[in-house]
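# Fold and geometry: a report
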Amino acid sequence: MPASYAYLGPEGTFTEVALRTLPEAATRELIPMVSVPATLDAVRSGEVEAAFVPIENSVEGGITTTLDELVAGSPLMIYREVLLSITFALLVRPGTKLSEIKTVTAHPAAQSQIRNWMKINLPDVVWESSASNADGARLVQEGRYDAAFAGEFAAARYGLTALETGIHDAENAQTRFVLVGRPARPAAPTGADKTSVVIWQRDDHPGGLRDLLGEFAVRGVNLMLLQSRPTGQGIGNYCFAIDAEGHISDRKVAEALMGLRRICLKVRYLGSYPRADIGVEDVRAPLPGTSDEEFVTAADWVARCQDGRF
């Protein structure tokens, strides 16, 4: 029996389309789940080998449900990421006209990407969120709503018609998806990698966030995402999800993480994995003094000083 991957379902989601771009997906049983929490819990329980979920879009940033699930519960690790360009279609039951649409549904993350289009074309409709865009299409098929915003490819799966296509407010909108598994040794660095962590401050004080970010800055580590999330411990209590350029095996990244581990209440490592946006040939040269070789040379100099060989 093949190993299995869970993904945010049902069939016909953008998540499924992105997952099928991974070569290994062809050799796995792909299991649709009803929600992001259920998808990730399937990994934690050992029901599946890995889970595939959306984590960020280029319009609204981090997808809070996924971030919160990675912050809480037993640790998980990110092993791969996929970027998918997103445009929506307005799916309806055959024969439905635009003027007849009174209710519409989609995943909450979709709303920010088609809000202006709706103001112009469907100004008076009632919006209700669904568990996923494909689930919205299923609910239209069942007669619960008049229309759903989803991928055009979902129309045939649910017996619907694409009344409008190519819907988006922002050109070149993309969603980032991640393959998540149980903790293990991260893959070897490729030279174009990303490291994800979540950090908790020891206490709230002036300059606290600056101190945390300084661990990256002084070592020349560029940040690609910084998002605060409430800890549930009261107003003003936040943890911070961070994506940084580089791999944990890079000296500057490892030292930055060690620095955070010293000064933070808690650090959760979410993995180091290949970037989907660029290749090795596109990686910027490190700032002066921040290459692995320069870190090794500096460490050797300190050792020689300690031995009286300077």
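Residues numbered from 1 in each chain as written. Predicted model: local features only at pLDDT ≥ 70, side-chain atom pairs only at ≥ 80, totals over all residues. Heavy atoms only, no water.

## Some thoughts on the domain arrangement of the protein chain
The condition is simple: As annotated, the domain borders come from an automatic or database domain assignment. Contacts between residues were defined by any pair of non-hydrogen atoms, one from each residue, lying within 4.5 Å. Put simply, buried area is the surface a 1.4 Å probe can reach on two separate parts but cannot reach once they are joined, added for both. Take a side-chain nitrogen of Lys or Arg and a carboxyl oxygen of Asp or Glu: if they are within 4 Å of each other, that pair is a salt bridge. The nonpolar class holds Ala, Val, Leu, Ile, Met, Phe, Trp, Tyr, Cys and Pro. Asp, Glu, Lys and Arg form the charged class, and all remaining residues, Gly among them, are polar.
What the domain assignment reports for the protein chain is domain 1 (1-86 + 173-184), domain 2 (88-167) and domain 3 (185-310). The gap between the C-alpha centroids of domain 1 and domain 2 is 23 Å. Contacts between the two partners involve 15 residues from domain 1, matched on the other side by 16 residues from domain 2. The contact between domain 1 and domain 2 buries some 1200 Å² in all, and 62% of this surface belongs to carbon and sulfur atoms. At the junction of domain 1 and domain 2, the tally comes to 1 salt bridge. Between Glu-11 and Arg-157 there is a salt bridge, and its shortest N-O distance comes to 2.9 Å. Classifying every residue of the side of domain 1 that touches domain 2 by side-chain character gives 8 nonpolar, 5 polar and 2 charged.

## Brief notes about the environment of Ala-137
Basically, it comes down to this: The helix count covers DSSP runs of H or I at least four residues long, the strand count covers runs of E at least two residues long, and both are numbered beginning at the N terminus.
Residue position: Ala-137 is located in helix H5 (residues 133-141). Considering only alpha carbons, one finds Ala-137 and Phe-149, 12 residues apart in sequence, at a separation of 7.5 Å. In this structure, Ala-137 is in contact with Leu-91, Ala-148, Tyr-158 and Leu-160, ignoring residues within four places of it in sequence.

## Let's talk about the environment of Val-82
Note the following rule: Type-normalised accessible area, obtained with a 1.4 Å probe on protein chains alone, sets the label of each residue: buried when under 20%, exposed when over 50%, and partly exposed for intermediate values.
With respect to the secondary-structure elements, Val-82 resides in strand S5 (residues 77-85). For Val-82, a relative accessible area of 8% translates into the label buried. A C-alpha to C-alpha distance of 11 Å links Val-82 and Ile-278, two positions 196 residues apart in sequence. Once you skip the residues sitting within four places of it in the chain, Val-82 turns out to touch Ala-18, Thr-21, Leu-22, Phe-52, Thr-175, Arg-176, Phe-177 and Ala-276.

## Some words on the sheet that holds strand S7 (residues 103-106)
So the rule is basically this: Paired strands are those between which DSSP finds at least two bridges. Each axis is a line fitted through C-alpha atoms, taken for helices only over the stretch in contact, and angles between the N-to-C directions span 0 to 180 degrees.
In space, the 5 strands of this open sheet follow the order S8-S7-S9-S6-S10, with mixed pairing throughout. Looking at strand neighbours, the two that pair on one side only are strand S8 (126-129) and strand S10 (161-167), the edges of this open sheet. Adjacent strand axes in the sheet meet at a mean angle of 25 degrees when their direction is disregarded. Pairing of S7 with S8 involves 4 bridges; the strand directions are parallel. Note on S8: the bridge partner recorded for Thr-103 is Val-126.

## Side note on helix H8 (residues 251-263)
Put simply, the rule reads: To estimate how far a helix should extend, the number of its residues minus one is multiplied by 1.5 Å. Summarising the geometry, the arc corresponds to the directions from the helix axis toward the C-beta atoms.
Taking 1.5 Å of rise per residue, the 13 residues of H8 would be expected to cover 18 Å, and the 19 Å separating its terminal C-alpha atoms lies within 8% of that figure. Buried residues of H8: Lys-252, Val-253, Ala-256, Leu-257, Gly-259 and Leu-260, and no others. Buried residues of H8, seen end-on, are gathered within an arc of 155 degrees and therefore sit on one face of the element. Exposed and facing more than 90 degrees away from the buried side of H8 are Arg-261 and Arg-262. On the buried face of H8, the contacting elements are strand S12 (193-201), helix H7 (208-217), strand S14 (238-245), strand S15 (264-274) and helix H9 (292-306).

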